[in-house]
Amino acid sequence: MTQRALDSSGEQTPGTSRPAMIDAGAELDPVHPMEPPPARRPDGLSTAEVAERVARGEVNDVPVRSSRSVTEIVRANVLTRFNLIIGVLWVIMLFVAPIQDSLFGFVIVANTGIGIIQEWRAKKTLDSLAVIGEAKPTVRRDGVAAEISTSEIVLGDLIELGPGDKVVVDGTVAEADSLEIDESLLTGEADPVVKQAGAPVMSGSFVVAGGGAFTATKVGREAYAAQLAEEASRFTLVHSELRSGISTILKYVTWMMVPTAIGLIISQLVVKDNNFKDSVARTVGGIVPMIPEGLVLLTSVAFAIGVVRLGRKQCLVQELPAIEGLARVDVVCLDKTGTLTEGGMDVTEVRPLNGSDEAYVTRVLRAFGSSDPRPNASLRAIIDAYPAGHGDDEAHPAAGGDVESWTVTDAMPFSSARKYSGAAFAEADGTASAWLLGAPDVLLSEGDATLTEIEHLNEQGLRVLLLARAEGGLSAPGAAAGAAPTALVVLEQRLRPDAGDTLAYFADQNVATKVISGDNAVSVGAVAGKLGLAGAENTLDARRLPTDPDEMATAMEQNAVFGRVTPQQKRDMVAALQSRGHTVAMTGDGVNDVLALKDADIGVSMGSGSEATRAVAQIVLLNNSFATLPSVVAEGRRVIGNITRVATLFLTKTVYSVLLAILVVCTQVEYPFLPRHLTLLATLTIGVPAFFLALAPNKERAQPHFVRRVMRYAIPSGVIAAAATFTTYLVARHHYSGEGALAAETSAATLTLFLVAMWVLAIIARPYTWWRVGLVATMGLGFLIVLVVPWLQDFFALKLVGTTMPWTAVGIAVAAAALLEFVWRWVGRRFGM
């Protein structure tokens, strides 16, 4: 399993998410296997035993659902309220009217098919990425440890654990080496629990310190992991302001549509003594355009295409609304290690203190490196610099002899509460010694002169660890306070080459960047300064951070870099920013980031991060590249910005359709349009242009209150369009008479409605680019072709009669367009775009 290093200076610290939905009191005893497993050997199950359990079905075979099934996709796209209404109307029209009046049904079939195909493509992309990003626990079988898929775990398997690993099935601890597990996802208790052999462990909990192994006692659907994993990585379309706003709009549309449609039916079939089939056609023509069915479809398609686009950039979107959420982000909180810097570090210098022998310090560091079977990033750098078996022990016999003969008698894993790790040795000459390695400002007293030297190193962006001798042993009370400083280990972090450009992108997009780290604040500030972070000089040690939420929020807004931050503080800092109305994204890759990732509006994890962070994050950067994040932000802005634009088109049509129906009912006249007319108008002024506009680039940061913002423009636009169209229709009724009058009146009204709707499209298409101008012009040309080509005139029943009425229709449309411009500008000034 991928393991993230727990940095000795405090970068990686324990943490986990806020309590999940699972009842902490519900069967927390995991020792309830399918059958009592026999005593387990330290080398795990044999191949024969694994095969036997697979044959019995005792396998952790519950798939992690990362998306809806194909059946659910089809059902969700086909079985909608509005598809049912339109489907019934379509069937009616097939019996009572020419095929051209039934075109709206074929359009719905095509649109629904497109929606199914796009979401199916997104499902395939997401499922393949989920497999790539899936954690592979280390299981010991036949005495050999190997990584396997979680679905291959069987009852009784011996599963190894290390820092940052998630417990994937329920079990009982078989081996424990200072093992600490955070169970807050299950119990709500944030403090890690020390586990000894025989103690139960629950799936969904995380290792925050130490290591060990446990025996699987519940697998498959009996384990909590089956519930937690599916909940954490479900491909979902819920909890989105955009989608919930559209649902709200559709609810109101339904309320308006039902009484209006009933009135229209009565008006056309009972009050007016017209041809029955013609009356039915015109009634359906009045009902169908009230339904903004394409808006829901287009939103789903836009989200799905967004997932596919991001998937190509190795970005796993675990929840679709995360794309929308990032579009609203105005503060990004970054964890330094793994985000601004690469995981690896290099030892640049070791400075002995207080006259310590350099060769002896080297032996201590070499022995320290061999004391931990799961070295973190800092210790790995020390091991690389001082590998075991490569010392010059022959030249310095007094230094303690061959380090290979040193014996580890005790070990203390890193803990964020301590911010240091420890090891005790029996040296080659029999001398006992105990050592601590960790944050200097924790191990040294506040007034120690060495801190000044360390401060200068931190200002250069270097990380400094202190090696100190604990005279009373590791377990002695106050071991850190009485430790004798022996040497400074100076480490240089490897900066991500693309981090500077990414920080510049956020600055250009007016997104504030806050670097939150467990490291020394000055050192973190120096690293951020090297990468060009604006305000990197404004650093604050989190130990001096006010606890009052309002004061903390002020400090967060005034500073850009925070050091020595605990996991709980990260969570509080996110909450403080949110209390000021900020939309916060949090990035991280270590266990110490889990709390903040879960509470942030958007959690972003690195693919190489701990399983804990990947489980709670909405977005996982599988390529571990911080530079991918701007693409995610841009995709979110494109989706929500464009959907907000095109929603105005759809809802303008709904408003003018409802108003036209009401006006027809009130004035007791024939409904002016047949379904074919509104199908043509909807295709040219909404359907085709909305598709292209929804996929266009859009860098504007999304604004809240989606419904309010859309309706501010859609309602006046729909009112103006309806008024202009009905005015033309009434004027035409007085102008034309005799046979064919209704067709001429319909053609004039259609011309006015098309021109007004085109002006709404022209406004929404701004700011103009060559392709936007071309799109609007093409739609206009399409309508002109229908008016001049004889067979299209007959097909759509559109033929302008005379010159007076057509030019009157144009004049009314021009006046309406001028009024539209005035209203849109006034709304923009009054409420903001």
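About the cut-offs
Residues numbered from 1 in each chain as written. Predicted model: local features only at pLDDT ≥ 70, side-chain atom pairs only at ≥ 80, totals over all residues. Heavy atoms only, no water. Helix = DSSP H or I, 4+ residues; strand = E, 2+ residues; numbered from the N terminus. Buried < 20%, exposed > 50% of the residue type's maximum accessible area, 1.4 Å probe, protein only. Contact = heavy atoms within 4.5 Å. Areas by Shrake-Rupley, 256 points an atom, 1.4 Å probe, with all protein chains shown as cover. Axes fitted to C-alpha atoms, helices over the stretch in contact; angles between N-to-C directions. Parallel < 35°, antiparallel > 145°, perpendicular 65-115°, else oblique. Nonpolar A, V, L, I, M, F, W, Y, C, P; charged D, E, K, R; others polar. Expected span 1.5 Å × (residues − 1). Polar contact = N/O pair within 3.5 Å; in protein donor to acceptor, adjacent residues only side chain to side chain. Core = buried A, V, L, I, M, F, W, Y, C linked by side-chain atoms within 4.5 Å. Phe/Tyr/Trp six-rings, centres within 6.5 Å; stacked < 30°, edge-to-face > 60°. pLDDT = per-residue confidence, 0-100. Arc of directions from axis to C-beta. Pairing = 2+ DSSP bridges. Patch = residues over 30% accessible without salt bridge, like charges linked within 9 Å, V, L, I, M, F, W, Y side chains within 5 Å. Salt bridge = Lys/Arg side-chain N within 4 Å of Asp/Glu carboxyl O.

1. Focus on the overall build of the chain
At step 1: Helix and strand counts for the chain stand at 27 helices and 21 strands.
At step 2: By the burial criterion, 58% of the 833 residues in the chain qualify as buried.
At step 3: Across the chain, the fraction of contacts at a sequence separation of at least 24, relative to all contacts at a separation of at least 6, is 75%.
At step 4: Of the roughly 32300 Å² that the chain leaves accessible, carbon and sulfur atoms contribute 59%.

2. Some points on the packing of helix 24 (residues 741-764) against helix 25 (residues 770-788)
At step 1: For the pair helix 24 and helix 25, interaxial distance at closest approach is 10 Å and the crossing angle is 170°. Classified by the angle their axes make, helix 24 and helix 25 are roughly antiparallel. For the pair helix 24 and helix 25, contact is made by Thr750, Leu751, Phe754, Met758, Leu761 and Ala762 and by Val776, Met779, Gly780, Phe783 and Leu787, respectively.
At step 2: Grouping the constituent residues of the contact of helix 24 with helix 25 by class yields nine nonpolar, two polar and no charged.

3. Thoughts on helix 11 (residues 358-369)
At step 1: For helix 11, with 12 residues, the first-to-last C-alpha span of 17 Å sits near the 16 Å given by 1.5 Å per residue.
At step 2: The element helix 11 is largely enclosed, with a buried count of 11 among its 12 residues.
At step 3: For helix 11, the set of buried residues is Ala359, Tyr360, Val361, Thr362, Arg363, Val364, Leu365, Arg366, Ala367, Phe368 and Gly369.
At step 4: Where helix 11 begins, the capping side chain belongs to aspartate 357, and its oxygen is found 3.2 Å from the backbone nitrogen of alanine 359.

4. Focus: unusual backbone geometry
Among all residues except glycine, the phi angle is most often negative; among peptide bonds, the trans geometry is most common.
At step 1: In this model, arginine 766 is joined to proline 767 through a cis peptide bond whose omega is -5°.
At step 2: Its location among the elements puts proline 767 in the loop between helix 24 and helix 25.
At step 3: Residues other than glycine seldom take positive phi values, yet aspartate 142 does so here, at roughly 55°.
At step 4: Within the element layout of this structure, aspartate 142 appears in the loop between strand 1 (138-141) and strand 2 (144-147).
At step 5: One non-glycine residue, arginine 564, lies in the positive phi region at around 55°.
At step 6: Along the chain, arginine 564 falls in the loop between strand 18 (561-563) and helix 18 (567-579).
At step 7: Using a relative accessible area of 3% as the deciding quantity, one classes arginine 564 as buried.

5. A closer look at the nonpolar core
At step 1: Of all hydrophobic cores here, the largest spans 121 residues; its most connected members are Leu326, Leu340, Leu533, Ile602, Ile619, Phe626 and Phe783.
At step 2: If you tally residues by element for this core, the top one is helix 21 (residues 629-667), at 16 residues.
At step 3: Filtering out sequence-adjacent residues up to four positions away, isoleucine 602 remains in contact with Ala322, Gly325, Leu326, Val329, Val584, Ala585, Met586, Gln618 and Ile619.
At step 4: Of all hydrophobic cores here, the second largest spans 24 residues; its members include Ala377, Leu467, Ala487 and Val489.

6. Here we look at the packing of aromatic side chains
At step 1: Under the defined criterion, the tally for this structure stands at 10 aromatic pairs.
At step 2: Aromatic side chains tyrosine 713 and tryptophan 824 sit 4.4 Å apart centroid to centroid with 40° between the ring planes, which places their arrangement in the tilted category. You can see tyrosine 713 sitting in helix 23 (residues 706-735) and its partner tryptophan 824 sitting in helix 27 (residues 804-831), a full 111 residues away along the chain.
At step 3: What makes tryptophan 824 buried here is its relative accessible area of 10%.
At step 4: Pairwise contacts between aromatic rings join Tyr360, Trp406, Phe425 and Trp435 into one cluster.

7. So, the environment of valine 511
At step 1: Note on placement: valine 511 falls in the loop between helix 15 (499-508) and strand 16 (512-516).
At step 2: Take valine 511: its relative accessible area is 4%, and that puts it in the buried class.
At step 3: When the C-alpha positions of valine 511 and valine 332 are compared, they lie 7.0 Å apart, and in sequence the two are 179 residues distant.

8. Details of the packing of helix 15 against helix 21
At step 1: One can describe the packing of helix 15 onto helix 21 by two numbers: an axis separation of 10 Å at closest approach and a directional angle of 30°. One way to sum up the angle between helix 15 and helix 21 is to call them roughly parallel. Contacts from Thr502, Tyr505 and Phe506 in helix 15 reach Leu629, Pro630, Val633 and Ala634 in helix 21.
At step 2: By residue class, the composition of the contact of helix 15 with helix 21 is six nonpolar, one polar and no charged.

9. Here we look at the confidence of the model for the chain
At step 1: Mean pLDDT over the chain stands at 78; residues scoring 70 or higher make up 81%.
At step 2: For the chain, per-element mean pLDDT is lowest for helix 6 (residues 225-232), which scores 48, and highest for helix 25, which scores 93.
At step 3: Note on residues 1-40: pLDDT is under 50 here. Beyond four places in sequence and across chains, it has 160 contacts.
At step 4: Note on residues 392-401: pLDDT under 50 across the span, and 19 contacts to partners over four residues away in sequence or across chains.

10. What about helix 17 (residues 549-558)?
Side chains of residues three or four places apart in an α-helix project in the same direction, reflecting 3.6 residues per turn.
At step 1: Of the positions making up helix 17, those classed as buried are Met552, Ala553, Ala555 and Met556. Seen along its axis, helix 17 keeps its buried residues to an arc of 165°; they face one direction.
At step 2: Packing partners of the buried residues in helix 17 comprise strand 16, strand 17 (539-541), strand 18 and helix 18.
At step 3: Between the side-chain oxygen of the N-cap and the backbone nitrogen of aspartate 550 there are 3.2 Å, and the N-cap of helix 17 in question is aspartate 548.

11. A short note on the sheet that holds strand 8 (residues 315-317)
At step 1: Pairing is mixed in the open sheet, where eight strands are placed in the order 8-21-20-19-9-16-18-17. Looking at strand neighbours, the two that pair on one side only are strand 8 and strand 17, the edges of this open sheet. The average undirected angle you get between the axes of adjacent strands in this sheet is 20°.
At step 2: Two elements, strand 9 (residues 331-335) and strand 19 (residues 584-588), share three bridges in a ladder whose sense is parallel.

12. Topic: a nonpolar patch on the surface
At step 1: There is a patch of nonpolar side chains on the surface, built from Val70, Val74, Val78, Leu79 and Trp120 and spanning about 440 Å² of accessible area.
At step 2: Tallying contributions element by element places helix 2 (residues 70-78) first for the nonpolar patch, with three residues.
At step 3: Summarising the element assignment, valine 74 is placed in helix 2.
At step 4: The class of valine 74 is partly exposed, set by a relative accessible area of 33%.

13. Remarks on the pattern of salt bridges
At step 1: For the coordinates displayed, the defined rule picks out 18 salt bridges.
At step 2: In this structure, the salt-bridge partner of glutamate 557 is arginine 580, at a minimum N-O distance of 2.8 Å. One end of the pair, glutamate 557, is in helix 17; the other, arginine 580, is in the loop between helix 18 and strand 19, and 23 residues separate them in sequence.

14. A short note on the pairing of strand 14 (residues 463-469)
At step 1: Among the seven residues of strand 14, six are classified as buried, and the element is accordingly described as predominantly covered.
At step 2: As paired strands, strand 13 (residues 432-438) and strand 14 are joined by four bridges and run antiparallel to one another. By the bridge assignment for strand 14, leucine 436 is matched with alanine 468.
At step 3: As defined by bridge partners, strand 14 adjoins strand 15 (residues 484-495) across seven bridges and the pair is classed as antiparallel.

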